[in-house]
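If you want the building blocks of each chain, they are given just below.
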Amino acid sequence: MNAKPDIAGVYDVQRVWRDFPILARQVHGKPLVFLDSAASSQRPESVIAAVDEYERMHHANVHRGVHQLSQEATALFERARERVRDFVNAASSRGVIFTRGTTESINLVAQAYARPRLQRGDEILLTGLEHHANIVPWQLVAGQTGAIVKAVPIDRRGVIDVADVASHMNERTRIVACAQVSNALGTVLPVREITRLAHARGAVVLIDGAQAVPHQRVDLKALDCDFYAFSAHKMYGPTGIGALIGRESLLEAMPPWQGGGDMILTVSFEKTTFNELPFKFEAGTPNISGAVGMAAAIDYIDSLGIDNIHAHEQRLLAIATRKLEAVPGLTIIGTAPDKAAVISFTIDGIHPHDLGTILDSEGVAVRTGHHCAMPVMEFFNVPATARASFACYSRESDIDALVTALARAREVFT
Amino acid sequence: MDLKDLYRDVILDHNKSPRLFGRLDPADSSADGHNPLCGDRLHVTVKLEGDRVSDLRFDGKGCAISVASASLMCEAVKGKRRAEIAHLFNEIHDVLTHHDAPVPDDLGKLAALSGVREFPVRVKCASLCWHTLNAALDRSSEPVQTE
């Protein structure tokens, strides 16, 4: 059974931790301390079991056969779509498109929405916090259309100021694309205000929600953005599956971006008519088991309660910030007042990659490098940082293990 | 895996106080090396006398393994002929990439890098400087990458 917070509302992290079989393993003879969930989170038993049951009992192609298995697979796949819709409170499941993940979702919008519409000199506005997945697709489409990519700079805390966003918009701004939560620093961006500003100027808004959905409640009806992208593997689901949630009127007007089976109604060598939403954007046999796993991950999050997860992680963030600030020579990069449970840091005299290797030898997994956010690293004038990120299963003892391993790193380097 | 095998005293010393650090100006050749995954950047300048590297310097930023490897390399190749340098490169390459390769006696202090092979993801850190030196010797102006 999934762990649930007990009736007193106390979040029993040890029970949650036990739901994730991989966390019990050892690394280099030490108990695993997994602090790299922002790169990819682990999967609970219930997700593993749901995928396993699908493979053993229900697999067939979807939307094709009249036989029993195809109907079961189709029902599971479409149930998953409805779970995704419900999870982010999207308007309708017709606007929920399964993709390989956030990156593919953004590329879909860049190629199928932006490319046919952008004119030379039109502007795409990003922020200085973006992951490469929310930069490069726009640079590609800018190269194809003559549009210009601009970025709102961050301040020394890693914050994006709404007034700065406003001052970077003009009559040529067509698309505003930004993360809801920065993967490199953890900053939570004011996406609702940014969306309002953009809409007031007639621009369309894409939000990269990859780092937001595992940590906080997302309500797309309230947010009102035009496109929202996220991945299952950062929210306890499988890799290779994610979603693009789009405004139906925009999706209807967009051409398909890949051709193949499932996205058509009729094909002759003279003319093809395309399928309706969302299938128009789902060419080929989809990642059915991935969608089943994604739905199971949403069920799991719901069983804990996303607000309980948020509160737990915020508590850990406060403790970890305090304990890491006490480590000699340690500097936290990214000190926004509103942060998700992500801490990027450097240590004087120890390169992040040396740190990563030493922590790994102690069983502590952190991400080291540029976090696919090289503009952020450049802004803070560091080649790389170490990053500890927390999830529903992270424990206070994991923070203590990190601090102990950091002391070990200082021993090696002095 | 033993951390002591990776971070030997020689490595820590050369990381802390890199030898032949800086740039030669004028130089006969130079090259940039970049490891995009780590963000490591090295610049190597060389002076040549005929077939011999009469002097060289490196500078840049990187992890302890890449800085120490560059420092040890500069010491090892200074004054050597191209063929001798190529021979050293082949030896160090074998030591870094083959788990069971014997460590040749003539590697000298470079043998301190042999522990890197127990840490496969760090091999590129140790080899970046050698690729950069080779690029400088080939008079290539293109930045080299180990990714």
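It should be noted that the structure appears before, not after, this text.
Now for a look at the structure at hand. (Residues numbered from 1 in each chain as written. Chains lettered and ligands numbered in written order. Predicted model: local features only at pLDDT ≥ 70, side-chain atom pairs only at ≥ 80, totals over all residues.)

Assigned secondary structure in chain B consists of 5 helices and 4 strands. Counting from the amino terminus, helix and strand elements in chain B follow one another as α-α-β-β-β-α-α-α-β. In terms of overall dimensions, chain B is globule-like: its C-alpha atoms have a radius of gyration of 14 Å, near the 15 Å expected for 147 residues. By principal-axis analysis of the C-alpha atoms, chain B measures approximately 45 × 30 × 25 Å. For chain B, the residues scored as buried account for 44% of the 147 residues in total. Summarising the internal contacts of chain B: among those between residues at least 6 apart in sequence, 62% fall at separations of at least 24. (Helix = DSSP H or I, 4+ residues; strand = E, 2+ residues; numbered from the N terminus. Rg over C-alpha atoms; globule rule 2.2 N^0.38 Å. Buried ≥ 20, exposed ≤ 12 C-beta atoms within 10 Å, placed from the backbone. Contact = placed C-beta atoms within 7 Å.)

A few words now on the pairing of strand β4 (residues 96-99) of chain A. Residue and element names in this part refer to chain A. Burial of β4 is two-sided: the residues Val96 and Phe98 facing one way and the residues Ile97 and Thr99 facing the other way are all buried. Of the pairings in the sheet, the one linking β4 to strand β10 (residues 242-246) comprises 4 bridges and is antiparallel in character. Bridge assignment links Thr99 to a residue of β10, and that residue is Gly242. (Pairing = 2+ DSSP bridges.)

To continue, consider the sheet that holds β10(A). Residue and element names in this part refer to chain A. The mixed open sheet is built from 7 strands, whose spatial order is β4-β10-β9-β8-β7-β5-β6. The sheet is open, and its two edges are formed by β4 and β6 (148-152), each paired on a single side. Sheet twist, expressed as the average angle between the axes of neighbouring strands with direction ignored, equals 20 degrees. One ladder, built from 3 bridges, connects strand β8 (residues 204-208) with strand β9 (residues 227-231); its direction is parallel. In the strand pairing of β9, Leu206 is matched with Phe227. (Axes fitted to C-alpha atoms, helices over the stretch in contact; angles between N-to-C directions.)

Moving on, we come to the interface of chain A and chain B. Listed per partner, the contact involves 14 residues of chain A and 15 residues of chain B. For the side of chain A that touches chain B, the element with the highest residue contribution is helix α12 (residues 352-361) of chain A, accounting for 5 residues. Split by residue class, the side of chain A that touches chain B holds 6 nonpolar, 7 polar and 1 charged. (Nonpolar A, V, L, I, M, F, W, Y, C, P; charged D, E, K, R; others polar.)

Here we take up unusual backbone geometry. Cis geometry marks the peptide bond from Leu277(A) to Pro278(A); its omega dihedral reads -5 degrees. Backbone torsion omega between Asp25(B) and Pro26(B) reads 5 degrees, so that peptide bond is classified as cis. The phi torsion at Asn89(A) lies on the positive side, around 50 degrees, for a residue other than glycine. Here Asn89(A) shows up in the loop between α3 (68-87) and β4. Owing to 14 C-beta atoms within 10 Å, Asn89(A) belongs among the partly exposed residues under this scheme.

Let's shift gears to the environment of Asp5(B). All names here are of chain B. Along the chain, Asp5 turns up in helix α1 (residues 3-6). Residue classification places Asp5 among the partly exposed positions, given that 14 C-beta atoms sit within 10 Å. Placed 113 residues apart in sequence, Asp5 and Glu118 show a C-alpha to C-alpha distance of 8.4 Å. Ignoring any residue separated from it by four or fewer positions in sequence, one finds Asp5 in contact with Gly115 and Glu118.

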